[in-house]
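# Architecture and fold: a report
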Amino acid sequence: MTSASEPRVFLRAASGLVKTAGPFDVFIYDIGLISIGIGICFTHQVGAASYPGGSIALASLIAAALMLFAAAAFWCWSITVPRSGGLYAYLTRGLSPSLGFAMSFVDALTWLFYNALAATYVTSIGLAPLFFATGAFLSRPRLIGLAQALNAPVTQFLVGAAAIVSAGFVLLLGMRWFFRLQRVMFAIATVGTVAAIYILATHDHNQFVLNFDRVVSPSTPGAYQRVLSKAAAHGWHSSNFSWPQTIKLAVWPILPLVGGIFSIAIGGEIREFKRSQAIGMLGSIAAAGVIFGVVGHLSDQIFGAKFQSALAFNAAVDPASSTPIRPYFPVLADILSGNAFWGILISLGFLAWAYLWIPATLVYSQRAMLAWSLDRLAPAQLGYVSDRFHTPAVAIVVTTILNILFLYLFLFARFFSALTPVLAAMIAWLFTMIAGIFFPFRRADLYGRSPSSEICSPGVPLLTFLSAMGLVSISILIYLLWNDPQAAGHSPPTLAVITIVFAMGFGFYFFMRQLRRRQGIDVSLAFREIPIE
Amino acid sequence: MRFGENSLTKIFFATDIHGSEVCFKKFIRAATFYDVDVAILGGDLSGKMIIPINRLATGGYRFYLAGRHNKIANDNDLSRTQDRLRDLGFYSCVFSPEEAESFKNPGGEVQNLFHKLIAERLGDWVLFADKRTKDLRCEFFWMPGNDDFYFVDEILSSSSRLTNCDHRLIPLPHGYELLSLGYSTPTPWHTPREKSETEIQCDLQALTAKVAKATNCIFNIHVPPFRSGLDEAPALDPQLRVLQGPAGAMTRPVGSTAVRTAVEACEPLLGLFGHVHESRDCKHLGATFCVNPGSVYSEGMLRGCVISLRGGKVADWQFTEG
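Right, let's walk through the structure included here.

The rules behind the values
- Residues numbered from 1 in each chain as written.
- Chains lettered and ligands numbered in written order.
- Predicted model: local features only at pLDDT ≥ 70, side-chain atom pairs only at ≥ 80, totals over all residues.
- Heavy atoms only, no water.
- Axes fitted to C-alpha atoms, helices over the stretch in contact; angles between N-to-C directions.
- Helix = DSSP H or I, 4+ residues; strand = E, 2+ residues; numbered from the N terminus.
- Parallel < 35°, antiparallel > 145°, perpendicular 65-115°, else oblique.
- Contact = heavy atoms within 4.5 Å.
- Nonpolar A, V, L, I, M, F, W, Y, C, P; charged D, E, K, R; others polar.
- Salt bridge = Lys/Arg side-chain N within 4 Å of Asp/Glu carboxyl O.
- Buried < 20%, exposed > 50% of the residue type's maximum accessible area, 1.4 Å probe, protein only.
- Phe/Tyr/Trp six-rings, centres within 6.5 Å; stacked < 30°, edge-to-face > 60°.
- Patch = residues over 30% accessible without salt bridge, like charges linked within 9 Å, V, L, I, M, F, W, Y side chains within 5 Å.
- Areas by Shrake-Rupley, 256 points an atom, 1.4 Å probe, with all protein chains shown as cover.

All names here are of chain A. Packing of helix α2 (residues 36-50) against helix α5 (residues 97-137) brings their axes to within 11 Å, and their N-to-C directions diverge by 80 degrees. Between α2 and α5, the angle falls in the class roughly perpendicular. Within the contact between the two elements, α2 uses G37, I38, C41 and F42 and α5 uses L117, A118, Y121 and I125. Classifying every residue of the contact of α2 with α5 by side-chain character gives seven nonpolar, one polar and no charged.

Right under this line is the structure:
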């Protein structure tokens, strides 16, 4: 008898038997959290100036490859422990409650911090280029002046704070409003990105030079060349392609690519989770890496790799020798387009990418807080759900306020390198990989019941194998970050930030454990497995 | 009965184990593990799926699970596989090639098979529980839920140590009372024990009329109150597909308005609810502390909640995942 004629399964009428809506939704969720727009702008702006000779395109592909190994391990975690909660769910059950809470705390705080970056990008890669393009191509100098004003730190703070508050307000109203907002933002972002790639693909370098001269210095020709000469005069050195610089540059695309694994936070809501998480996580990272690579390559061809480097260098040391506003990618793409329609479309797309990230990342941190609250590791008030809106109102308010504080820190008081919190998060991920290596042995019964145990793997449990691979890739990232003071480094301020964040995580756990103990509550009950015999 | 200032009653509540044997065994063990006075297992005790294990003419067996065929080499492996399927809440049945042929186009035979396997498992649980709990001081309660056929009532009531509390008001230690109801409102799956809101309202009114003192009463009702935050289930389209948004599955409240009305009118001390596995949470509805511990039975993890009552009040609570 063939397998085709054997009965497979018999189902009966029972609640909860639902059909999955498909892995495409997880893919959209993850790629939305990668934020193609933020990734392109972040990498191009920093990479061009700080890593002369580094290829953004290749660095993006290297970053995607490293992230894919880490994502594969997280994918295996997500099917071993197929529930929502991410690092918190995995580590409290896989390592220890204190480690699990502390890593979750570091993780939640890190992405809240980078939400502040996204909030600043609402102006710098969205509104400012939008007004700049409109002013430049419709001959409205006042709009260019407005764009310049929007780039000032105070304006970025005010607009960014408004973006964060509005995102918090939408979340307060409920998930339906959030979904509607996300759908609209994602559509605009996609159109803008496609428009940008279209413009890059259908124009050439000479057109960019002409447009740049026309827009930046209409009365005095040669603006493009002046950027290079002014940069050289300020100490910039032109460099040919360099593999070491390219590898060092790879840590910058990592920040947006991290979003590709964020569906671990909603793992419990995905039914066909093996396939959905694989396509979502791995697919989104691969797709984003390719898009970053394509945009990086086209940018080098059209704008010029050395020009981008010189321009970004000037923006940092002598803004008058750069573009009227900070020369993020949308500004250059707008200039290349040569007209207001395309310029507005592209700028709106990148504005949408920046705004899209804000509520989605707030939700990520809020879910962590709700999980802590349910396990009595955070005040019960943090888990309060509004009777009117049926949303976690207190968690929303707390994350919104924290986000605004981080925005202030990011703009006015940042004393550490931009990727220092990423280094902290990578250390938390390192623990997750270590936990993954040992989980099949420490929790053999739980692992044995999971779908992971059914998948063939080379001699060792699949989670062990993939976590070992992930450990290698994350170790490489930590090494790169540790040895790059531009990105993170290990200066005293950097070490202080990392130490403080981890100390806060552990401190909070032990404080709450002690507090609950005095109340007669044993928090370890939330994680301890009941022995059957 | 008046409460002493220090009278402490500890309750462990879990629900919706859907045939998972390891979860049931953990429930029984939980009484001593958490050192509780009362252990309550909410409704939905029966599993949802039979996995046919087909004996191959060439030797060994084959079964289909999670989208792929799996081979079993020998009888030892068969036994281990069946244990694993039991822990996941599935039923299994070994088919000879001739039996598999007769089940190619199954009709009522599948329903009969479900009845047989459900009865067998629950019967095994009764034997296990009666043996393991005979020397324990803890009082055990269980009840059917909307996914349980009516024939299981007799099996649940046959236990000498676990009391079938469905549709009853039962006195507990220290003057508390347990009011239980295992029905749910109508679902898209037309499960065995569904009642309209009006019928549930009548049932609850009849039960609450017998309550001595509402503030000492514990509601153990399978379907949670409507829009309580404990009843947020995945929103489905007409084809029972989960509606997904950019931030995950969309949800909607699926609880009972009749239950909510009863809770608000009666104001019991404590409300224990289940039915919606994803809606693990606790909150106050008026003066009533309401809990849904959720369920992840398919992972072999028993989600529950330990609640301490002291002097007629909820002193503290702790979600567990054993």
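This part covers the pattern of salt bridges. Side-chain pairing between opposite charges can occur once the charged atoms of the two side chains come close. A complete count under the given rule lists 16 salt bridges over all chains for this structure. A salt bridge links E529 of chain A to K26 of chain B; its shortest N-O distance comes to 2.6 Å. Here the residue E529 of chain A occupies a position in the segment after α20 (492-518), and K26 of chain B occupies one in helix α1 (residues 21-33), the pair thus bridging two chains. For D37 of chain B, the salt bridge identified is with R137 of chain B, shortest N-O distance 2.5 Å. Separated by 100 residues along the polypeptide, D37 of chain B in the loop between α1 and β2 (38-41) and R137 of chain B in the loop between α4 (108-132) and β7 (139-142) bring together distant segments of the chain. With a relative accessible area of 54%, R137 of chain B lands in the exposed category. Residues joined by salt bridges that share partners form a network here, namely E21, K25, D83 and R86 of chain B.

Residue and element names in this part refer to chain A. This structure, assessed with the given rule, holds 46 aromatic pairs over all chains. On the numbers, 5.3 Å between centres and 65 degrees between planes, the contact of Y121 with Y328 is edge-to-face. A residue pair is termed long-range when its members are at least 10 positions apart, and Y121 in helix α5 and Y328 in the loop between α13 (273-317) and α14 (329-337) qualify at 207 residues. Residue classification places Y328 among the buried positions, given a relative accessible area of 9%. With centroids separated by 5.7 Å and ring planes inclined at 75 degrees, the aromatic side chains of F208 and F307 adopt a geometry described as edge-to-face. Of this pair, F208 sits in helix α9 (residues 205-216) while F307 sits in helix α13; the two residues are 99 residues apart in sequence, bridging distant segments of the chain.

Our focus in this paragraph is a nonpolar patch on the surface. All names here are of chain A. Together, L58, L61, F241, W243, I247, V290 and V294 give the surface a local cluster of nonpolar side chains, amounting to about 600 Å² of exposed area. Elements supplying a minimum of two residues to the nonpolar patch: α3 (56-80), α11 (243-249) and α13. Inspection of the secondary structure assignment puts V290 in helix α13. Overall, the relative accessible area of 47% leaves V290 in the partly exposed class.

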